[in-house]
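# Topology and contacts: notes
The chain contents come next:
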Amino acid sequence: MMLLGLFGSLLPLLVLAGIVAAVVRSVRGHDVDWGELVRRFFVHLIAVSLAFVATTGVAQLATLALEGPSLLPNDDRLAAPLAFAVVGAPLYAAMMWWLLGQARRDRAEARTLAWSLHLGVVAIVALVVAMVGVFELVDLLTGGEATPWGPLANIVVWGGLWAWYRWLEDHLVGSQRWAVLQVIVGSAIGLGTLVVGVGQLVSAGVEALLFGRDVIVSTDDPWTAITATVVGAGVWTAYWLLRGMRRRRDGWWHGWVLLGGVFGGLVTAVSSAGYLLWLVAVWLVGDPGGGASATAADHFDEVPGAVAAMLVGGAVWAWHRSILAPRAERARTEVDRVYDLLLAGVGLVAAAGGFATVLVAILEVVAGPGVVESGTDPVNTLLAALTFLAVGTPLWWRAWSRVQRLALAPPLGGAGPPPELDDRAAAERRSPTRRVYLFALFGIGGLTALVALLSAVVIGFEDLFSGGSGAETLSAIRIPVAILVTSVAVAALHWRVYREDREVVADAPRRFPARVTLVGVADDAIVDALHDATDAKVSLLVRTDGPTPPWSVERLVAALDGHGDDHVLVVSRPDGLEFIPVA
């Protein structure tokens, strides 16, 4: 639940970051009319606001009408919803009539980021309100409430608004370039709801198997779990299976699969597995608390939830990994590198946490039990460390060894003279994903070490000035010292790997240009295909002065093979391709 809460707190920030990234990408490389951009923003903002005002008024009026005619027309609760409906609905209808007329006359207008954000924001908000209405309706019905008119009105009215905007996107406005943002957010909402529902049901089932309790009794609210499963599955199917899986597999698509599915599922599964192993180890050789009166039922009370999180997280990870293209069918791409380095990163964090905890346990033993604060047991601390080392180290070693093997480098770097790199190894070491990974770990490790060093020094001076003993000081600084040592080790390892990469790659010949700009016929698929084949950064400019031959990946790869220039402009002409080195 803590992980779900963390994900929920980060979701608005991720959505905002996605919107900012979309705006930056939409204006990059174009002569932007900022006045027109601001005009679109405020026009669509007004339309979105009117949609919410009108829908809120209609939903509240429907609720009052369903509660009974005795409430009408003298109920003072009519004032606000009636005003919202009377003012909002006509203005919204007029605004949409004008906007849709513009979109039909100018297809480029329909494909703007403003339209995509308009459709996405309204659809997602309407979806969330309707989903909340479903949960409230089920809660009232299962609680014996005979007149659940408020939730029912919200489901119908807000669900109707969601359906209207889905129809708009499919039939009147057309396909927007940035519609993927709505697909990702809707998929995240659906998958998150589904995971919570399935997790609660699995937890109840495990609890019934382990402790012999009735499944209905084991679940705090079985109807909520069932509702979450059904609603989450429906939303996830509508957004991901029916839309996301049919989209072109671009950077946004892979970003959601790798970060939302692979990374999120893997972190949940690994942390839950570590927690389970720690519970078992503490029961066998540690101090479970409560002394001789401690019972297995009390100690393992959280096992059902941890098992459910591990199984559901593992299923999410496995499914999203399965929809990535099999590696045997194609050359290695940045998607493969991101996947391998995500696995290595998750394993490294777990292993580093375990190593730091080992140091904490050692310092606790050195300081002595009399000075360590009550509630901590060195044996339990050591068991936690060994658990996360056992979970994280194999995962990190397997993923990182694969990455280093493909780069023709030892896992820990620096063993022997630099090798002669082939094309694949050179591409691996030049990969921007690899550089970002190494720099991120070096930077995070360095910052963490600095904070830990400052904390240790501050605590040391405080104990010195207050007359504390050496053992007390050692106990107080044991956590920052452990973090400091671990962070320095992680940063040093990855800085060593980065320096070796830089030295080796500098002498390795480049087979393909680092950057390719295509000028010719519009073809979104050619950008991804050429990038996958050459590892170059590829962009496309569409010619508007006449038709040109279609692009051929095989022909481009063969022609670019051996170009030593850093940036090549490829111009498609009726009589062939022209290659122009540019700075």
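Quick note: structure is the one above.
Starting from 1, residues in each chain are numbered consecutively following that chain's sequence as written. Where local features are concerned, this predicted model is filtered to residues with pLDDT of at least 70; where side-chain atom pairs are given and counted, the filter is 80 or more; whole-chain, interface and lining totals use all residues. Side-chain measures here rest on the full set of heavy atoms in the structure, leaving out hydrogens and waters.

This part is about the packing of helix α10 (residues 251-285) against helix α12 (residues 303-322). What counts as an axis is a line fitted to C-alpha atoms, over the stretch in contact for a helix, and the angles between N-to-C directions run from 0 to 180 degrees. Secondary structure elements are defined from DSSP: runs of H or I of at least 4 residues count as helices, runs of E of at least 2 residues count as strands, and each element is numbered from the N terminus. Put simply, α10 and α12 touch, their axes get as near as 7 Å, and they point 150 degrees apart. On the basis of the axis angle, α10 is roughly antiparallel to α12. In this structure, the crossing between α10 and α12 has a hand that is left-handed. Amino acids outside the nonpolar list (Ala, Val, Leu, Ile, Met, Phe, Trp, Tyr, Cys, Pro) and the charged list (Asp, Glu, Lys, Arg) are all regarded as polar, and Gly is one of them. Partitioned by chemical class, the residues of the contact of α10 with α12 number 16 nonpolar, seven polar and one charged. These descriptions rest on fixed angle ranges, namely under 35 degrees for roughly parallel, over 145 for roughly antiparallel, 65 to 115 for roughly perpendicular, and the rest for oblique. Take the far helix as your reference; a near helix turned counterclockwise from it by less than a right angle gives a left-handed crossing, and one turned clockwise gives a right-handed crossing.

On to the nonpolar core. Within the largest apolar cluster, 43 residues are counted, with the highest numbers of intra-cluster contacts made by W240, W400 and Y437. With nine residues, helix α13 (residues 334-367) is the largest single contributor of residues to this core. Counting residues in each nonpolar core, the second largest holds 32 residues, with M95, W115, L127 and Y239 among its members. Here, nonpolar core refers to any group of buried Ala, Val, Leu, Ile, Met, Phe, Trp, Tyr and Cys residues whose side-chain atoms link them within 4.5 Å. Classification of residues uses two cut-offs on accessible area relative to the type maximum, computed with a 1.4 Å probe and protein chains only: under 20% is buried, over 50% is exposed, and between them is partly exposed.

This part is about the packing of aromatic side chains. Aromatic contacts are taken between Phe, Tyr and Trp rings whose centres are within 6.5 Å, Trp giving its six-membered ring; a plane angle under 30 degrees counts as stacked, one over 60 as edge-to-face, and the others as tilted. Using the criterion set out here, one finds 13 aromatic pairs in the structure. Centroid distance W164 to W167: 6.1 Å. Interplanar angle 15 degrees. Geometry classified as stacked. You can see W164 and its partner W167 sitting in helix α6 (residues 149-173), three residues apart, about one turn around the helix. With centroids separated by 5.8 Å and ring planes inclined at 35 degrees, the aromatic side chains of W400 and Y437 adopt a geometry described as tilted. Placement of the pair is W400 in helix α14 (residues 378-406) and Y437 in helix α16 (residues 432-466), with a sequence separation of 37 residues. Comparing W400 with Y437 shows no difference in burial state: the two are buried. Taken together, the ring pairs connect F439, F442, W495 and Y498 into an aromatic cluster. Over the ring of Y239 we find R166; its NZ or CZ atom is 5.1 Å from the centre of that ring. Above the face of the Y339 ring, R321 is positioned so that its terminal group lies 4.4 Å from the ring centre. Either the NZ atom of lysine or the CZ atom of arginine qualifies as a charge over a ring when it sits within 6 Å of the ring centre and within 35 degrees of the ring normal.

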